[in-house]
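# Analysis of the macromolecular model
Take a look at the letters that make up each chain.
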Amino acid sequence: MSQSTDLARAQERFARRQRLVRWRGWLPWAIGGLVVLLGGITVWLFYFSSVLAVSGVKVAGADTVPEATITQVAAAPIGTPLAKVDLTAIAERVRTIQSVADAQVTRAWPNQLKIVVTERVAVVVVTDGSNFELVDATGVAFKTVPAKPDGLPEALVVGTRRQVTIRSVVTVSAALPATLRSQVESISATSPDSITLNLGSKVKVVWGSADDSERKAEVLSVLMKRDAKVYDVSAPDLPVTKGEKK
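First, a word on what this report is: a plain description of the structure on this page. It should be emphasised that the depicted structure is a prediction, and the values quoted were computed from it without experimental measurement. (Residues numbered from 1 in each chain as written. Predicted model: local features only at pLDDT ≥ 70, side-chain atom pairs only at ≥ 80, totals over all residues. Heavy atoms only, no water.)

## As for the sheet that holds strand β3 (residues 112-119)
Read across the open sheet, the three strands follow the order β1-β3-β2; overall the sheet is mixed. Two strands lie at the open edges of the sheet, namely β1 (56-60) and β2 (100-108), each paired on one side alone. With direction set aside, neighbouring strand axes in the sheet form an average angle of 20°. Lying over the sheet, helix α2 (residues 67-74) contacts β1 and β3, oriented at roughly 130° with respect to β1. Along the sheet, helix α3 (residues 87-94) contacts β2 and β3; its crossing angle with β2, the most-contacted strand, is approximately 150°. (Pairing = 2+ DSSP bridges. Helix = DSSP H or I, 4+ residues; strand = E, 2+ residues; numbered from the N terminus. Axes fitted to C-alpha atoms, helices over the stretch in contact; angles between N-to-C directions. Contact = heavy atoms within 4.5 Å.)

Right under this line is the structure:
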């Protein structure tokens, strides 16, 4: 009786070992199959199902540009799986809005697009005598307004090389220290090489070109310690004053 019991137990242990060996042999295949199945479900979920499809757009950074304008120009593909959306193409479309300097588009899971815009900031208002254009620090005219806004220097730009002249005016304005910029009532420019600052009490600063603008600003700050009607810093190493009071 004891021998038959021992034999049965030995047979049972052998059977268990055989099952364990077979299970170990099949385990890598089972894991591999599970990984493939999960991968297929993931691909389907992200790229083909409507579960993670675009349902709306969030806009941030917009102040003067209406959000409705941004979303309309963005033309986000509503209903398209979020993972398949071309973010670069959307950003490029938003950047075509004149008042937008830059745009970044990201995915906001599970089903939103987020557009962050950087609007252009006016540093000078350019006029030809009738229209007023807001111009940013890169020299881009991005908006026409009916009247000159407060707090911005006005630049009267005429001549054929208008865009180049505007960029030169912006360079000059950016080089002025805040105390001096606040005294500028207007800027006249007939070419990139002929820029004049008009201060209060009919005082003029002949600037010339935008070259060496920072050096010219330093020289002008010293030169204006003299009371004169005209300050010429077009050649900053040889500055000239005119109408100086005795």
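From this point on, the discussion continues.
## Section: the pattern of salt bridges
Taken as a whole and assessed by the stated rule, the structure comprises four salt bridges. Where Glu-133 meets Arg-162, a salt bridge forms, and the shortest distance between an N and an O atom there is 2.9 Å. Within this pair, whereas Glu-133 is found in strand β5 (residues 132-136), its partner Arg-162 is found in helix α4 (residues 162-175), the two being separated by 29 residues in sequence. Residue Arg-162 is classed as partly exposed on the basis of its relative accessible area of 26%. Arg-215 is the salt-bridge partner of Asp-237, the closest N and O atoms lying 3.4 Å from each other. In this pair, Asp-237 is assigned in the loop between β11 (230-232) and β12 (240-242) and Arg-215 in helix α6 (residues 213-223), connecting sequence segments 22 residues apart. For Asp-237, a relative accessible area of 62% puts it in the exposed group. (Salt bridge = Lys/Arg side-chain N within 4 Å of Asp/Glu carboxyl O. Buried < 20%, exposed > 50% of the residue type's maximum accessible area, 1.4 Å probe, protein only.)

## Section: the nonpolar core
Counting 28 residues, the largest nonpolar core has Val-169, Leu-197, Val-205 and Trp-207 as the members making the most contacts within it. Taken together, the elements giving at least two residues each to this core come down to β4 (122-127), β7 (154-157), α4, β8 (184-191), β9 (194-199), β10 (204-208) and α6. In contact with Val-205, not counting residues within four places along its chain, are Ile-195, Thr-196, Leu-197, Leu-199, Leu-220, Tyr-231 and Val-233. Core analysis: the second largest hydrophobic core is formed by 19 residues, Val-59, Ile-70, Val-100 and Ile-115 among them. (Core = buried A, V, L, I, M, F, W, Y, C linked by side-chain atoms within 4.5 Å.)

## Details of the side chain of Ser-99
Relative to the assigned elements, Ser-99 resides in the loop between α3 and β2. Looking at Ser-99, the relative accessible area reads 13%, which means it is buried. Ignoring anything within four residues of it in the chain, the contact list for Ser-99 reads Val-65, Glu-119, Arg-120, Phe-142 and Lys-143.

## Here we look at α6
Because the α-helix completes a turn every 3.6 residues, residues three or four places apart line up on one side. Looking at α6, one finds that the buried residues are Ser-213, Lys-216, Ala-217, Val-219, Leu-220 and Leu-223. All buried residues of α6 project into a common sector of 165° when viewed along the axis, lining one side. Across α6 from its buried face, at more than 90 degrees, point the exposed residues Glu-214, Glu-218 and Val-222. Residues of α6 that are buried make contact with α4, α5 (178-181), β10, β11 and β12. (Arc of directions from axis to C-beta.)

## Describing the pairing of β9
Of all six residues in β9, five are buried, a share of seventy percent or more. As judged from the six bridges shared by β8 and β9, these two strands associate in the antiparallel manner. When the sheet's bridge partners are listed, Ala-189 is paired in β9 with Ile-195. Hairpin connection of β8 to β9: two residues between the antiparallel strands.

## Thoughts on unusual backbone geometry
Note that the residue after Trp-109, namely Pro-110, is joined by a cis bond; omega there is 15°. Its location among the elements puts Pro-110 in the loop between β2 and β3. We note that Ala-75 has phi near 50°; this positive angle belongs to a residue other than glycine. Here Ala-75 is to be found in the loop between α2 and α3. According to the relative accessible area criterion, Ala-75 is partly exposed, its value standing at 43%. For Lys-202, which is not glycine, the phi torsion reads 60° and is therefore positive. Secondary-structure assignment places Lys-202 in the loop between β9 and β10.

## Here we look at the packing of α4 against α6
Where α4 meets α6, the closest approach of the two axes is 9 Å, and the angle between their N-to-C directions is 45°. Viewed along their axes, α4 and α6 adopt a mutual orientation that is oblique. Every pair of crossing elements has a handedness; the one defined by α4 and α6 is right-handed. In this structure, α4 uses Thr-171, Val-172 and Ala-175 to contact α6, whose residues at the interface are Ser-213, Glu-214 and Ala-217. (Parallel < 35°, antiparallel > 145°, perpendicular 65-115°, else oblique. Left-handed = near helix turned anticlockwise from the far one by under 90°.)

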